[in-house]
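Observations on chain architecture
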Amino acid sequence: MQRRTFLQGLAAAGAIGSLPISSLSFANTIASVSVESLPKLEGDLTLYLGRGEGGLYENVLDAIKKRNPKLNLKIRRGASAALANTLAAEAKAGVKRADLFWAVDTGSIGMVTDSGLAKPLPTDLTTQLKDGFQYPSWTPVTGRIRTLPYNTERVTPHQIPDSVMALADSDLALGWAPAYASFQSFVTAMRILEGEKATADWLKGVNSKAKKYAGELGVVMGVERGEVDMGFANHYYTLRLKAGKPNANVALAYTQNDAGCLVNASGIVALSEGDLPVNFIRYLLSREVQGYLASEAYEIPLVQGVTPPQGLPALSEISPPDMDLRKLADLRPTLNLMRKVGVL
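Predicted model only: the values in this text are computed from it and were never measured. (Residues numbered from 1 in each chain as written. Predicted model: local features only at pLDDT ≥ 70, side-chain atom pairs only at ≥ 80, totals over all residues. Heavy atoms only, no water.)

1. Quick word on the pairing of strand 9 (residues 250-253)
Neither face of strand 9 is open: one carries V250 and L252, the other A251 and A253, and all of them are buried. Sheet topology places strand 4 (residues 139-151) next to strand 9; four bridges connect them, and they run antiparallel. Paired with N151 across the strands is V250, a residue of strand 9. (Buried < 20%, exposed > 50% of the residue type's maximum accessible area, 1.4 Å probe, protein only. Helix = DSSP H or I, 4+ residues; strand = E, 2+ residues; numbered from the N terminus. Pairing = 2+ DSSP bridges.)

Quick look at the structure:
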């Protein structure tokens, strides 16, 4: 009954929408933990929350607050990078306002951990996460894969190269959103993996023929309409489009062992000592919240044993590059490079 009550809290917040509660299935769990077994949250917490996912994170927070009426949760909202800069500035000034920082990208997490602000997390919390996503000073919440959405009427799978670098010289009409934060993290990964010159050459090659969009949902929609053959976007934009239009002329392709298949993550950092911030994080890693974000946001649950969104291969079936995601923190060289070659 308690699990149902928590899910009903999500539904009351507008989270589940047209999905019946029974559709949030958490079968075959391994190390995931239900909210039923978590301690009640009591006391004052201030969360700095990076904007994103169309309010779905807010729905999760509303459900947590309803389950824990003695929790006084104050939320400061803003862009993840801006909040990370605020935290660093507050620390430099000797001011402490936040107990937790939930960011939609690991670059912002890296800015905070590199500043020495993160508190260590207990191993029983971090070991719930899948291999490759266990960190001592922060925890990923959900993942997202860089993908190549392509128009299934204009492109066949054998036309798609395994290397993202090869696309700069291909005959495919491409769509991209270079001003979008996720794309800039992808270029940062490319710069780290391939070097600045190779990345500059790639940007020049793609820029000479790519159609620009304001965001990556726009890229995917442009691909589906046939405006371009292929684009660059996080996986969930395509899954969301196909959820509303199952016969959409778009599918996903994946490169191998390069930035084109980077698995990035949203993440959270505890900035205060004590059980309350850590136990709050446990709620975000619960099977209910992880399952909800998979079914509604189409993000990848990173806790072991929670069913991923339909339409994606398992993480074990793709070949992302091996990278400490915190290395994506410094966007300045990437932005300078993109401006230098005329992309921004």
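There's plenty left to go through after this.
2. Details of the environment of K130
In this fold, K130 is placed in the loop between helix 5 (123-126) and strand 4. For K130 and Q304, which are 174 residues apart along the polypeptide, the C-alpha to C-alpha distance reads 5.5 Å. Residue contacts for K130: discarding those within four places in its chain leaves P301, L302, V303, Q304 and L315. (Contact = heavy atoms within 4.5 Å.)

3. With respect to the environment of L331
Relative to the assigned elements, L331 resides in the loop between strand 11 (300-301) and helix 12 (332-340). Non-local contacts of L331, meaning those with residues more than four positions away in its chain, are made with Q184, S185 and T188.

4. A short note on the pattern of salt bridges
Throughout the structure, instances matching the rule amount to 13 salt bridges. Close ionic contact of R144 with E299 constitutes a salt bridge, the shortest N to O distance being 3.3 Å. With R144 in strand 4 and E299 in the loop between helix 11 (287-296) and strand 11, the pair connects residues that are 155 residues apart, well separated along the chain. Taking the relative accessible area as the measure of exposure, R144 reaches 4% and is therefore buried. Under the relative-accessibility criterion, E299 is labelled buried at 0%. The partner of D229 in a salt bridge is R154, and the shortest N-O contact between them spans 2.6 Å. Highlighted residues: D229 in the loop between helix 8 (216-225) and strand 7 (230-231) and R154 in the loop between strand 4 and strand 5 (174-176), separated in sequence by 75 residues. A residue is classified by how much of its surface remains accessible, and D229, at 10% relative accessible area, is buried. The class of R154 is partly exposed, set by a relative accessible area of 41%. (Salt bridge = Lys/Arg side-chain N within 4 Å of Asp/Glu carboxyl O.)

5. Let's talk about the side chain of S80
Counting through the fold element by element, S80 comes out in helix 3 (residues 80-92). Classification of S80 by relative accessible area gives buried; the value is 3%. The contacts of S80, once residues within four sequence positions are left out, are G50, F101, A103, V104, D105 and S108.

6. Considering the nonpolar core
Formed by 109 residues in total, the largest nonpolar core has its most connected members in F101, W202, F232 and F280. Looking at this core, the element that brings in the most residues is helix 10 (residues 275-284), giving six residues. Excluding its chain neighbours within four sequence positions, the residues that come into contact with W202 are V164, M165, A168, W176, F183, F186, M190 and F232. (Core = buried A, V, L, I, M, F, W, Y, C linked by side-chain atoms within 4.5 Å.)

7. A short note on unusual backbone geometry
For N257, which is not glycine, the phi dihedral falls at a positive 55 degrees. On the secondary structure map, N257 appears in the loop between strand 9 and strand 10 (263-270). At Y298, a residue that is not glycine, the phi angle is positive and equals roughly 60 degrees.

8. Focus: the packing of helix 8 against helix 9 (residues 235-244)
Interaxial distance between helix 8 and helix 9 falls to 9 Å at its minimum, and their mutual angle equals 55 degrees. When the interaxial angle is binned, helix 8 and helix 9 end up oblique. The element helix 8 and its partner helix 9 pack so that their crossing is right-handed. Across from E216, L217, V220 and E224 in helix 8, the residues of helix 9 making contact are Y237, T238 and L241. (Axes fitted to C-alpha atoms, helices over the stretch in contact; angles between N-to-C directions. Parallel < 35°, antiparallel > 145°, perpendicular 65-115°, else oblique. Left-handed = near helix turned anticlockwise from the far one by under 90°.)

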